[in-house]
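The chain contents come next:
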Amino acid sequence: MIKTEIGYTTPETITVRGKNLATELLGKVDFIDMMLLTIFNRVPSAAEKAMVNHILVTACDHGLTPSAMSARLTFLGAPEAMQAAVAAGLLGAGSVFLGTTQNCAEMLAAGAQGLSEAPDDAECDEAARAMIGASREKKQPIYGIGHPIHVNGDPRVPTLRELAQELGYYGKHWRLMNAVPRVFLQDRNRNLPMNVVGAIGAIICDMGLDPMIARGLMLVGRAGGLVAHLYEEREHPIGQEIWDLVLAQDERNVAPAR
């Protein structure tokens, strides 16, 4: 028998996680409650709800990123299909942009396995060196450090650190992530501050959530930002200008006829 434990529909009712959508959920819970109930089959604690809310706010937008440009260019070609444009923006959430929160959380979860619950800096530095070495052996990137724009430090990280401390999600994974840029500076004389990927990866691990949820939350948050980009694209389009830049570049690269 094919079924899902998440929900089902009859001619009279819609049931989600055992609750009547119309009478037990609608008007009684907000979106974050509903999302986490649907995912985990439980209503989140106040701290979980607040932390997830902060992650969604962080993920919503970051300007003309590849995901935003993909959405705008798709909308340029298919303005009747907003859903396709949002999907195009989300499809690029991989190991380079947006989706790296999951990679980072997986890295931290593996690297922190031998740590005590309240490790000191020396213990974290040793674990960070081992984690970096393991990643290099697998020819995987070291996630959560450096940024092409915020070269002196990601401005989101201090705020997320403070929020995690307030809500009780500042544990050994945060401490391990703090050690990574410290070890790079000590061992390689390279200043690579923690970025938002490192902060969110640490939060997800210290919340005890599956690393997959890190990517999922980034997708949910960014979907809202992409809707904003598409609304702006309709009112004040720039997609054609982006395409025109590509065409102009192509023309410069074409060799003149002899």
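Cut-off values and rules
- Along each chain, numbering runs from 1 in the same order as the chain's sequence is written.
- Local features are withheld for residues below a pLDDT of 70 in this predicted model, meaning they are given only at 70 or higher, and side-chain atom pairs are given and counted only at 80 or more; totals for whole chains, interfaces and linings count all residues.
- The basis for every side-chain value is the complete set of non-hydrogen atoms in the structure, without hydrogens or water.
- UniProt positions are given in the numbering used here, feature names are shortened, and annotations may be inferred rather than shown by experiment.
- By definition, any uninterrupted DSSP run of H or I lasting at least four residues is a helix, any uninterrupted run of E lasting at least two residues is a strand, and each is numbered from the N terminus.
- Partly exposed residues are those whose accessible area sits between 20% and 50% of the maximum for their type, while under 20% is buried and over 50% is exposed, using a 1.4 Å probe and protein chains only.
- Two residues form a contact once any of their heavy atoms are found within 4.5 Å.
- Areas reported as accessible are Shrake-Rupley estimates using a 1.4 Å probe. Residue values count occlusion only from the protein chains shown.
- The convention is simple: Lys and Arg are positive, Asp and Glu are negative, and His and the chain ends are not counted.
- For charged residues, the charge sits on one atom: NZ in Lys, CZ in Arg, CG in Asp, CD in Glu.
- Basic side-chain nitrogens of Lys or Arg form a salt bridge, by our definition, when they fall within 4 Å of a carboxyl oxygen of Asp or Glu.
- Among buried residues, those of type Ala, Val, Leu, Ile, Met, Phe, Trp, Tyr and Cys that are joined through side-chain atoms within 4.5 Å constitute a nonpolar core.
- Given the number of residues in a helix, its expected span is that number minus one, multiplied by 1.5 Å.
- This arc corresponds to the set of directions leading from the helix axis out to the C-beta atoms.
- Aromatic rings from Phe, Tyr and Trp, with only the six-membered ring used for Trp, were paired whenever their centres fell within 6.5 Å, and each pair was classed as stacked if the ring planes differed by under 30 degrees, edge-to-face if by over 60, and tilted otherwise.
- In our convention, an over-ring charge means Lys NZ or Arg CZ found within 6 Å of a ring centre and within 35 degrees of that ring's normal.
- Here, strands pair whenever DSSP counts at least two bridges between them.
- For helices, the axis comes from a line fit to the C-alpha atoms of the stretch in contact; other axes are also lines fit to C-alpha atoms, and the angle between any two N-to-C directions lies between 0 and 180 degrees.
- Working definition: roughly parallel below 35 degrees, roughly antiparallel above 145 degrees, roughly perpendicular at 65 to 115 degrees, and oblique for all remaining angles.
- For any helix crossing, the convention is left-handed if the near helix is rotated counterclockwise from the far helix by under a right angle, and right-handed if that rotation is clockwise.
- Put simply, Ala, Val, Leu, Ile, Met, Phe, Trp, Tyr, Cys and Pro go in the nonpolar bin, Asp, Glu, Lys and Arg in the charged bin, and everything else, Gly too, in the polar bin.

Under an unreviewed UniProt entry, the name given to the protein chain is citrate synthase (unknown stereospecificity), and the source organism is Achromobacter denitrificans. Among the UniProt annotations of the protein chain, the heading Sequence similarities (unreviewed entry) holds the following wording: "Belongs to the citrate synthase family." The record held by UniProt for the protein chain lists under Pathway (unreviewed entry) the comment "Carbohydrate metabolism; tricarboxylic acid cycle; isocitrate from oxaloacetate: step 1/2."

Quick word on the overall build of the protein chain
The helix and strand inventory of the protein chain stands at twelve helices and three strands. By principal-axis analysis of the C-alpha atoms, the protein chain measures approximately 70 × 60 × 40 Å. In the protein chain, buried positions account for 41% of the 258 residues. For the protein chain, contacts bridging at least 24 residues in sequence account for 71% of all contacts bridging at least 6. Accessible area for the protein chain stands at about 14,500 Å²; split by element, carbon and sulfur atoms hold 58% of it. Of the side chains in the protein chain, 23 bear a positive and 29 a negative charge, and the two mean positions are spaced by 4 Å.

Here we look at the pattern of salt bridges
A complete count under the given rule lists twelve salt bridges for this structure. The salt bridge involving Glu-48 is made with Arg-42; its shortest N-O contact spans 2.8 Å. The buried category is assigned to Glu-48, whose relative accessible area is 13%. Residue Arg-42 is classed as partly exposed on the basis of its relative accessible area of 36%. Between Asp-187 and Arg-129 there is a salt bridge, with the nearest N and O atoms lying 2.7 Å from each other. Of this pair, Asp-187 sits in helix 9 (residues 172-188) while Arg-129 sits in helix 7 (residues 121-137), and the two are 58 residues apart along the sequence. Using a relative accessible area of 44% as the deciding quantity, one classes Asp-187 as partly exposed. Exposure remark for Arg-129: the relative accessible area of 34% places this residue in the partly exposed category. One salt-bridge network, held together by shared partners, links Asp-30, Asp-33 and Lys-49.

Some words on the nonpolar core
Judged by nonpolar contacts, the single largest core of 52 residues is most densely connected at Leu-108 and Val-180. Listed by contribution, the elements that provide at least two residues to this core are helix 2 (31-40), helix 3 (46-59), helix 6 (100-111), helix 7, helix 8 (156-167), helix 9, helix 10 (196-206) and helix 11 (211-235). For this core, the element with the highest residue contribution is helix 10, accounting for eight residues. With residues up to four places along the chain from it excluded, the contact list for Leu-108 reads Met-131, His-173, Leu-176, Met-177, Gly-198, Gly-201, Ala-202 and Cys-205. Counting six residues, the second largest nonpolar core, distinct from the first, contains Phe-75, Ala-85, Leu-226 and Leu-230.

Points about helix 4 (residues 66-77)
The end-to-end C-alpha separation of helix 4 is 17 Å, in line with the 16 Å expected for twelve residues at 1.5 Å each. Residues of helix 4 that are buried include every one of Ser-67, Ala-68, Ala-71, Arg-72 and Phe-75, and no others. End-on view of helix 4: buried residues confined to an arc of 130°, all on one side of the axis. Residues of helix 4 that are buried make contact with helix 5 (82-91) and helix 11.

Considering the packing of aromatic side chains
Tallied over the entire structure, the rule returns one aromatic pair. One Lys or Arg, Arg-188, reaches over the ring of Phe-184 and ends 5.4 Å from the middle of that ring.

Focus on the sheet that holds strand 1 (residues 7-9)
Strand order in this open sheet of three strands is 1-2-3, and the pairing throughout is antiparallel. The outermost strands of the open sheet, each flanked by one partner alone, are strand 1 and strand 3 (19-20).

Looking at the packing of helix 9 against helix 10
At a minimum axis separation of 7 Å, helix 9 and helix 10 run at an interaxial angle of 155°. Relative to helix 10, the element helix 9 is oriented roughly antiparallel. Of the two possible hands of crossing, helix 9 and helix 10 adopt the one that is right-handed. Where helix 9 approaches helix 10, its residues Lys-172, His-173, Trp-174 and Met-177 are matched on the opposing element by Gly-198, Ala-199, Ala-202, Ile-203, Cys-205 and Asp-206. Here the residues of the contact of helix 9 with helix 10 sort into six nonpolar, two polar and two charged.

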